[in-house]
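One-letter residues, chain by chain:
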Amino acid sequence: MAGTAVSGRLAWQVARLAAIRQETATARTLVFDIPGWPGHLAGQHVDVRLTAADGYTAQRSYSLAAPAEGGRVELTVQRVPGGEVSEHLTGPYAIGDPVEIRGPIGGWFVWRPADRAPVLLVAGGAGIVPLMAMVRARRAAGSRALFRLVYSLRTPDELYYADELRKPYAGLDITYVYTREMPEGRAGIPRRLDVATLNSAAWPADFEATSYICGPTGFVETAADILLSLGRDPRSIRTERFGPSRD
Amino acid sequence: MGVVTPGFTGRARGDNPRVPPGQYLTEDFPVLSVGPTPRVTTRQWEFAVVTEHGERRSWSWPELLALPSEKFTVDIHCVTQWSKLDTRWRGVRVETLIGDLDTAADYAMAHCYGGYTTNLPLADLLDGQAWIAYEYGGKPLTPEHGGPARLVVPHLYFWKSAKWVRELRLTGKDDPGFWETAGYHDYGDPWREQRYQGD
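These figures come from a predicted structure and were not determined experimentally.

The rules behind each value
- Residues numbered from 1 in each chain as written.
- Chains lettered and ligands numbered in written order.
- Predicted model: local features only at pLDDT ≥ 70, side-chain atom pairs only at ≥ 80, totals over all residues.
- Heavy atoms only, no water.
- Pairing = 2+ DSSP bridges.
- Helix = DSSP H or I, 4+ residues; strand = E, 2+ residues; numbered from the N terminus.
- Axes fitted to C-alpha atoms, helices over the stretch in contact; angles between N-to-C directions.
- Patch = residues over 30% accessible without salt bridge, like charges linked within 9 Å, V, L, I, M, F, W, Y side chains within 5 Å.
- Areas by Shrake-Rupley, 256 points an atom, 1.4 Å probe, with all protein chains shown as cover.
- Salt bridge = Lys/Arg side-chain N within 4 Å of Asp/Glu carboxyl O.
- Lys, Arg positive; Asp, Glu negative; His and termini not counted.
- Charge placed at Lys NZ, Arg CZ, Asp CG, Glu CD.
- Domains from an automatic or database assignment.
- Contact = heavy atoms within 4.5 Å.
- Buried area = accessible area lost by both parts, 1.4 Å probe.
- Core = buried A, V, L, I, M, F, W, Y, C linked by side-chain atoms within 4.5 Å.
- Buried < 20%, exposed > 50% of the residue type's maximum accessible area, 1.4 Å probe, protein only.

## Some thoughts on the sheet that holds strand E5 (residues 72-78) of chain A
Residues and elements named next belong to chain A.
(1) Moving on: Within the open sheet, the six strands sit side by side as E4-E3-E6-E1-E2-E5. Their pairing is antiparallel. Among the strands making up the open sheet, the edge pair consists of strand E4 (57-63) and E5. For this sheet, the mean inter-axis angle between neighbouring strands, taken without regard to orientation, is 40 degrees.
(2) Moving on: Here seven bridges tie strand E3 (residues 45-51) to E4, and the two strands are oriented antiparallel to one another. Its bridge partner lying in E4, Val46 is registered against Tyr62.

## Some points on a negative patch on the surface
(1) Moving on: On the surface, Glu52, Glu55, Asp102 and Asp106 of chain B cluster together into a negatively charged patch.
(2) Moving on: Residue position: Asp102 of chain B is located in the loop between helix H2 (94-98) and strand E6 (107-112).

## Remarks on unusual backbone geometry
For residues other than glycine, phi is negative in most cases, and the peptide bonds are mostly trans.
(1) Moving on: In this model, Gly103 of chain A is joined to Pro104 of chain A through a cis peptide bond whose omega is 0 degrees.
(2) Moving on: Within the element layout of this structure, Pro104 of chain A appears in strand E6 (residues 98-105).
(3) Moving on: Cis geometry is adopted by the peptide bond preceding Pro148 of chain B, which originates at Gly147 of chain B and carries an omega value of 10 degrees.
(4) Moving on: Secondary-structure assignment places Pro148 of chain B in the loop between strand E9 (139-140) and strand E10 (150-152).
(5) Moving on: Its identity as a non-glycine residue notwithstanding, Asp127 of chain B has a phi of 55 degrees, on the positive side.
(6) Moving on: Structurally, Asp127 of chain B can be placed in the loop between strand E7 (117-121) and strand E8 (131-136).

## Quick notes on the domain arrangement of chain A
Residues and elements named next belong to chain A.
(1) Moving on: Segmenting chain A into domains produces domain 1 (7-105) and domain 2 (119-242).
(2) Moving on: Relative placement of domain 1 and domain 2: their C-alpha centres are 24 Å apart.
(3) Moving on: Every contact between the two is made by 15 residues of domain 1 and, on the other side, 14 residues of domain 2.
(4) Moving on: Both faces combined, the contact of domain 1 with domain 2 buries some 1,100 Å², and carbon together with sulfur accounts for 60% of it.

## Points about the nonpolar core
(1) Moving on: Grouped together as the largest cluster of nonpolar side chains are 55 residues, with contacts concentrated most on Phe47, Val49, Trp89, Leu125 and Leu151 of chain B.
(2) Moving on: Per-element accounting of this core gives the leading share, five residues, to E8 of chain B.
(3) Moving on: Contact partners of Phe47 of chain B, with chain neighbours within four places excluded, come to Arg57, Ser58, Trp59, Leu97, Ile132, Val165, Arg166, Glu167 and Leu168 of chain B.
(4) Moving on: Membership of the second largest hydrophobic core comes to 32 residues, among which are Ala162, Leu165, Tyr178 and Tyr212 of chain A.

## Examining the pattern of salt bridges
(1) Moving on: What the rule picks out here adds up to 28 salt bridges over all chains.
(2) Moving on: In this structure, Lys160 of chain B engages Glu180 of chain B in a salt bridge whose closest nitrogen and oxygen atoms are separated by 2.8 Å. Of the two residues, Lys160 of chain B sits in the loop between E10 and strand E11 (165-171) while Glu180 of chain B sits in helix H3 (residues 178-181), which places them 20 residues apart along the sequence. Each member of the pair, Lys160 of chain B as well as Glu180 of chain B, carries the same accessibility label: buried.
(3) Moving on: Between Glu193 of chain B and Arg195 of chain B there is a salt bridge, and its shortest N-O distance comes to 3.3 Å.
(4) Moving on: Looking at Glu193 of chain B, the relative accessible area reads 25%, which means it is partly exposed.
(5) Moving on: A single network of salt bridges, built from pairs that share partners, joins Arg21, Glu74, Arg136, Arg139 and Glu164 of chain A.

Structure representation (structure tokens):
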């Protein structure tokens, strides 16, 4: 279970906003220039630090949304109402503005292009971000590892990376689960991720796939419990949870 | 001082002396784990302390509940930057469990149901600094928060407070655990912001 060892101190590096892509009404992808970025694995995250003029700082962790392209690094930030950092990054933060970033961090919730095993990605809402980095890393590497993505979202308006995901791509199957509102013209009624959906979307147990689940705590708990009940080895299921739990 | 981000003023001013640098307060109780939540029934549950000589002492669930316990209220700090004040627990002090076991170990490795591990200096587990906790907020500890029982070491970042703890192995050598192998700090003092190796 050993991960990527990080040697030496993880230094803060100055990153400047190079481009913005609006994903939804409340989420945007920030493309940064970070000269000398060491590269990272799909699924890793970074710490972002904002500093006010009087020296006050606030920092948060964000998943990397794509493989690095030289010194270009992408994060997708969802606005959290009242979120001190996310409201700035999805609001006043403008092209050319600096922040400090350090990373990459995390060596467990990662996919490496050398991995050949089939992959199941299960995303709840903004949990798509590190999983999209895996989809993109697979493409960039020309990997033929079989990928399936189950993407649960409340409404069609909340779909991240819509243009990219709509393009068919060999070896990547996508199942969308809409929990509040269906897209126009699509049959069925909104519902939550359930056993039947995951059973047909997940790889058969004997494929020895690796499953990556990312989303709000309750969603991750549900998805992981379903995979366990379907006989998957707990060691093949990797999780990343965010947001509050019920208690 | 770091590089100023234009227009950022900040709101969650760290005026509270109980909040370590770089942390923000949360009322929620976020959950972070590396895999599925292990479902360990109290019937299956067992906890053991193993010394560096291989001496092993173990407790079943009823045996743990029969030990002297205490209620404690502590502040907790996660490396992902949230802190939570005045969390209420009940558990058994680690020194009660170690008791008169013959050990000269300097370190402990916590092993968990599900395979997670984390390393700590043994001194940080003694003198009322650490508990095997089985109640949170007056109720049994839920599985997603580490139930039936977890280690609670509030003065270190919370990844050291291993959930679903199964065994404490006492050792003379400080080997890295799960996150420590993946680049996180060996000790993890929130007040010194020891998040990652080299901090």
